[in-house]
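A closer look at the structure
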Amino acid sequence: MTPTAFLTDPHLAGLLPGERALVRRVHGAPDFSRRMSELGLVPGTEVRMVRRAPFGDPIEFVVRGTHFSIRRAEAEGIRVVAI
Amino acid sequence: MSSPSDLAQAPRETRTPRAIPLSSAFPAGTRRQPLVAVVGNPNSGKSTLFNRLTGLRQKVANYPGVTVDVGCGRCMLPSGTVVNLVDLPGAYSLRPRSPDEEIVRDVLLGIDTTTPLPDVVLLVLDASSLDRQLFLALQVLDLGLPTILVLNMVDIAREQGLLIDRTALERRLGVPIFETVGRTGEGIDALRLALDEQAPRPAIRPLAHSDAIATEVRALAARIAERGRATGADAERIAWALLCDEGGRMSRRLHSASDEEIAAHRARLEAADPDWRSVEAARGFAAVEALLLESTRKVSSVDPVRRRVDRIVTHRIVGPLLFALVMGVIFQAIYAGAQPMMDLIERGTSWFGGLLSATLPAGPLRSLLIDGVIAGVGTVLSFLPQIALLFLFIGLLEDTGYLARAAFILDRLMGVVGLPGRAFLPLLSSFACAIPGIMATRTIENRRDRLATIFVAPFMSCSARLPVYALLIGAFIPNIGWGPISLPGLVLFALYLFGIVVAFVTAWALRRTVLRGPRASSVMELPPYRTPAWRGLVTTITGQSLEFLKKAGTVIVAVSAVLWFLASYPAGAPETRVLQGELAAAEQAGDAAAVTALKTSVAGSTLRHSFAGQIGRALEPLIQPLGFDWRIGIGLVTSFAAREVMVSTMATVWNLSDASDESVSLRQAIREAKNPETGGASYVPLTGISLMVFFALACQCMSTVAVVRRETGGWTWPILMLVTMNVLAWVASFAVFQGGRAMGLG
C-alpha cells in the first residue's frame, strides 16, 4: 500500500451518520488495536456510524449490536471499505 | 532457578482448590466452602444476578464499570450447601487494559493474591449482545475451569426478536446454560439448583493459537515451567497472558520471566506476524459467528426506544440543554424536596432533648447527653434526607443509562482540560462521597488520566459538605424566591459549580505539568436504556444512608462528646466566676436586660477559657484574615474527622452559649452571635461566604487521604493533594473576604 493510498483510505470517522462499512484494519497504539479487535472490530466486520456527539466529538458507532463511543482521532485509525 | 516467591502465589500443579492466604474478603471459617466467581462483560447484569443469588447489598448500575470493588457474598443452595460468591469486575477481555480487568485475569489464572482460583465460574452474558460477549465466554472456556453459562436479560433479547437454541449452544460449548432475567429473578432458582451439582469443565478449547503465536508461547512456557511450578497448559496460559500484557505489571508481580525475556519473545512474534495482537480476537469472533449461525435466529434488530430517546438526548442543541436542566432540577430538588423531612427530624430531636432534660437531673451527665450527644447527632441526622435524595438521583442516572450519554456529550468538554469523558462517573459519584468516586477511577485505563481524576475528585462538593453549606446558607442567605427558583437554591448550585470549575482548572494545570502526556484512548459502551432496578436502587440508597448514619452514630458521637468536654472544661476560671456572681445578682434584682447580657458574657467566658477555646485561639491569627474567629477555628479542627462534624461542633458551641431555656435554632444562633469583646455581630454574610468557599476547596477528610494513598500506592499523591487543596482554600477564602471588604460588602 502506498502512503497516499493509506491516507485516502476511508475511515470510521469519515462515515456519515447511518452509513455502514466493513472493517479493513485497525491502526493505532498496540493496546488500542487489540482492544478494538476484542470488541469485535476484526477485519470483515460490519460497522455502522450512528452519530457525532453534540460537540462534534466523540462519535457513536455500532458493532455486533453494541453501541460504542470513540474519539474521532481514534476512529480515524479504523480503516474501512464502504459496502 | 528463581527465588521461592516465584509463582509462589500461583502454585498450580493441578486445578484443584488450594489453601490460600485468606484476605478480609474471605473471613475465617469460609475456606472450605466452594468459591464461585461471577464473570462477565460490564453491563451484562452480572451484579444484579449476584445480588439475587446472595441477597447481599451491593452496587448495581447500568453503566460500564461501576463494579470497581470485588463484591463478596454467600449463597445457600437448595441442598443446604453454602457457597461463597465473588462478583468480579466487568471485563471485555482477559487481556486487561485497566486495573479492574487485571483482577479478573489474575483470579481466573489463579495468580491473584487475595482471591483463590474459583471452583466454579459463573459466566454471565447479556443475551441481547451475544455476538460480542461470546468472545469473552470463549476466552473463559479456554481456561478449562468448571463453568456454568448464564444468558441474562433474555427478556430484552426476546423483545429484540432474538431466538436462542439453548441446547444447540450447550452441545457446542460443553457447559450447562441457563436463561435468567436478573431484574425480575426469573431463572434464579434453576441456577441455584445447578450450582448444587458438579459443574463440568468445558469440552472445548475454542481459541487455538496461530503457529507463530504457539511457537513463542511454548518457548516462554518452557522457561516458566523450568522455574516455577506451573506446567503444561497452565504454563502456556500464563505465558500467553504475559506476552499480551504490554505495559502491564503482570511480570513484575509474578517473577516467572523477566521483562527482557518477555520483550524478546514479543519482538520475535512481532517479526513473524505483525498482526499477532488481533489473531485471538479474529479467531474468536469467527468461532462466535459460526456458533450463532447454528444456535440463534434474529427476527428483528431495532431498538426503537433507544433510537427515539437518543435522538433527543444526544441532539446537538437539545442534548446539552437537557443535561444542564437535569442537573439543575436535581440540585433544586435536593434542596427543596428534603425540607419537610428535615424539619420533622429536627423537631423530633429537640423533642427528645426536651424529654431528657425533663427526666434527668441537672448536672454534667445531662449536659453531656443533651448538649453534646443529642445536639450533635440530631443536627447531622437532619441532613439525611438530602443525602438520600442525592444517592437516589445518581442511582437513577446510572440505572437508566443516561449517565453514559452524559459522558458521551461531555467527553469533548472534559477533553479541554485533558480528562476523559469516563472521568465523569467518578466525579459525579464524588458529589455523594469522594471515596467511592476515587475507587471508581479504577475503570480509567490510563494512569495519568486516572491520577488527574483522583486528584480533583475531592473538589466535587460531597454530601458531607452539604450539611455545612445548608447550615451557612440558612444562617446567612435570605430566603428570597422567584417562582420555583430560590436564592438559597441558587447559592447551593453556585457552590457546586464552583467546586467543578476549580476541579477542571486543577485538572488542566496537572495535565500540563506533572501529568503531561497525550490523551489516552477511551472507548466507552453506550448501553441500551433500561427501567431502573428499583429493588437494587432501594437497597443501594438504604445501604449508603445507613453507612452515613453509622458514621453519625459512632465518629460523630465520639467527636461530639470530646468536643463537649473540650468546650466545657476546665470550668470555673476566675473571670467566669466573677461574671456568674454578677449574673446571680442581676437575676435577683430582676433586671432582664442585664441577665441576657451577662448570660452571653458567662458563656463567652467559659468558651474562651476552655480547651477548645485555647485551640481555636491558637489558630486565630492564621484564619482571621479569612474572616473566621476562634470558634470557627474549633470547627475547622474537628471537621478533619469528617466535614459534617463542623455542624455538630457549631451546635455544641452554640448550645453551650445559649444557656437559657428558650430554644434558639443553630442558624439563628450563628446569625445572632455577638462578639463578647466588641458587642457587635461576630459574623457577617461575607464570613459565611468565605467559610463556604473554604469548605468547598479544603481537603478536610482523613478517609479521602487514606483512600488516595491506597489507590495511588504511595504518600506522594495524598500529600500533594492535602497541601494543594488547603493552600487553595486559604487563598480563595482570603480573596473572597478581603476582596469583599474592600468592595464595602459586610
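Small disclaimer: the values here were computed from a predicted structure and weren't measured. (Residues numbered from 1 in each chain as written. Chains lettered and ligands numbered in written order. Predicted model: local features only at pLDDT ≥ 70, side-chain atom pairs only at ≥ 80, totals over all residues.)

The next point concerns the overall build of chain B. Within chain B, the secondary structure is distributed over 32 helices and eleven strands. Going through the 746 residues of chain B one by one, you find that 49% of them count as buried. (Helix = DSSP H or I, 4+ residues; strand = E, 2+ residues; numbered from the N terminus. Buried ≥ 20, exposed ≤ 12 C-beta atoms within 10 Å, placed from the backbone.)

Another point: the overall build of chain A. Counting its regular elements, chain A contains three helices and five strands. Mapped from its N terminus to its C terminus, chain A presents α and β elements in the order α-β-α-β-β-β-α-β. Relative to a compact globule of 83 residues, whose C-alpha radius of gyration would be 12 Å, chain A shows 12 Å and is just as compact. Its C-alpha atoms give chain A principal-axis dimensions of roughly 35 × 25 × 25 Å. Within chain A, the proportion of its 83 residues that are buried is 48%. Sequence-distant contacts, at least 24 apart, represent 55% of the contacts inside chain A between residues at least 6 apart. (Rg over C-alpha atoms; globule rule 2.2 N^0.38 Å. Contact = placed C-beta atoms within 7 Å.)

For the rest of this paragraph, the subject is the sheet that holds strand β11 (residues 524–525) of chain B. Read from one edge of the open sheet, six strands run β5(A)-β1(A)-β2(A)-β3(A)-β4(A)-β11(B), paired in antiparallel fashion. Edge strands, defined here as strands with exactly one partner in the open sheet, are β5 (78–82) of chain A together with β11 of chain B. Here strand β2 (residues 46–52) of chain A pairs with strand β3 (residues 59–63) of chain A via five bridges, running antiparallel. Residue pairing for β3(A): Val47(A) is matched across the bridge by Val63(A). (Pairing = 2+ DSSP bridges.)

On to the sheet that holds strand β4 (residues 120–126) of chain B, then. Residue and element names in this part refer to chain B. Strands sit in the order β2-β3-β1-β4-β5-β7 across an open sheet of six strands; the sheet is mixed. In this open sheet, the two strands that pair with only one neighbour each are β2 (71–76) and β7 (177–179). Along the sheet, successive strands turn relative to each other by an average axial angle of 25 degrees, direction set aside. Of the strand pairs in this sheet, strand β1 (residues 35–40) and strand β3 (residues 82–87) are connected by four bridges, and their pairing is parallel. The residue bridging Ala37 from the neighbouring strand is Val86, located in β3. (Axes fitted to C-alpha atoms, helices over the stretch in contact; angles between N-to-C directions.)

Residue and element names in this part refer to chain B. At a closest axis distance of 9 Å, the pairing of helix α21 (residues 465–476) and helix α30 (residues 685–697) adopts a crossing angle of 170 degrees. Taken together, the axes of α21 and α30 are roughly antiparallel relative to one another. From α21, Arg465, Val468, Tyr469, Leu472, Ala475 and Phe476 reach across to α30, where they touch Pro685, Gly688, Leu691, Met692, Phe695 and Ala696. A per-class count over the contact of α21 with α30 returns ten nonpolar, one polar and one charged. (Parallel < 35°, antiparallel > 145°, perpendicular 65-115°, else oblique. Nonpolar A, V, L, I, M, F, W, Y, C, P; charged D, E, K, R; others polar.)

Glancing now at the interface of chain B and chain A. The interface is formed by 32 residues belonging to chain B together with 30 residues belonging to chain A. Where the side of chain B that touches chain A is concerned, the elements lending two or more residues are α3 (130–141), α11 (279–295), α13 (318–337), α17 (402–416) and β11 of chain B. For the side of chain B that touches chain A, the element with the highest residue contribution is α17(B), accounting for five residues. When its residues are assigned to classes, the side of chain B that touches chain A shows twelve nonpolar, ten polar and ten charged. With two bridges joining them, strand β4 (residues 66–70) of chain A and β11(B) adopt antiparallel strand pairing. Within the sheet, the bridge partner assigned to Ser69(A) lies in β11(B) and is Met524(B).

Here we come to the confidence of the model for chain A. This prediction gives chain A a mean pLDDT of 87; 90% of its residues lie at or above 70. Low pLDDT, under 50, characterises residues 1–5 of chain A; the stretch is placed with one contact to residues that sit more than four places away or in other chains. (pLDDT = per-residue confidence, 0-100.)

All names here are of chain B. Formed by 215 residues in total, the largest nonpolar core has its most connected members in Val38, Val39, Leu122 and Leu123. Looking at this core element by element, the count peaks at nine residues for α21. Contact partners of Leu122, with chain neighbours within four places excluded, come to Val36, Ala37, Val38, Val39, Ile148 and Val150. (Core = buried A, V, L, I, M, F, W, Y, C linked by C-beta atoms within 7 Å.)

Here the focus is helix α32 (residues 716–742) of chain B. Three- or four-residue spacings in an α-helix give side chains the same orientation, since the helix completes a turn every 3.6 residues. All names here are of chain B. The first and last C-alpha atoms of α32 sit 38 Å apart over 27 residues, in line with the 39 Å expected at 1.5 Å per residue. Burial in α32 covers these residues: Pro718, Met721, Leu722, Met725, Leu728, Ala729, Ser733, Val736 and Phe737. Residues of α32 that are buried make contact with α20 (447–456), α30 and α31 (702–712). Downstream of α32 by a residue or two, Gly744 has a phi angle that is positive, lying close to 85 degrees. (Expected span 1.5 Å × (residues − 1).)

The next point concerns the environment of Ala597(B). Mapped onto the secondary structure, Ala597(B) falls in helix α25 (residues 592–609). Residues Ala597(B) and Leu583(B), spaced 14 residues apart in sequence, show a C-alpha to C-alpha distance of 8.9 Å.

All right, on to the environment of Ile615(B) then. Residues and elements named next belong to chain B. Summarising the element assignment, Ile615 is placed in helix α26 (residues 611–623). A sequence separation of 506 residues divides Ile615 from Leu109, and the C-alpha atoms of the two residues are 55 Å apart. Not counting residues within four places of it along the chain, the set of residues in contact with Ile615 comprises Ile634 and Val637.

Within the secondary structure, Pro518(B) sits in the loop between α22 (487–512) and β11. Taking the C-alpha atoms as reference points, Pro518(B) and Gly418(B), 100 residues apart in sequence, are found 8.6 Å from one another.

All names here are of chain B. With five of six residues buried, β3 is to be regarded as a mostly interior element. Judged from the six bridges that link them, β2 and β3 form a sheet pairing that is antiparallel. Counterpart to Gly73 in the pairing with β3 is Leu85. In sequence, β2 turns back onto β3 through a hairpin of five residues, with Gly80 there showing a positive phi of about 100 degrees.

It is worth spelling out unusual backbone geometry at this point. Cis geometry is found at the peptide bond from Asp57(A) to Pro58(A), where omega equals -5 degrees. Summarising the element assignment, Pro58(A) is placed in the loop between β2 and β3. Located in the positive-phi region is Asn43(B), a residue other than glycine, with phi close to 75 degrees. The residue Asn43(B) is located in the loop between β1 and α1 (46–54) in this model. Look at Asn43(B) and you get buried, because 27 C-beta atoms sit within 10 Å. Its identity as a non-glycine residue notwithstanding, Met153(B) has a phi of 55 degrees, on the positive side. Note that Met153(B) resides in the loop between β5 (147–152) and α4 (154–159).

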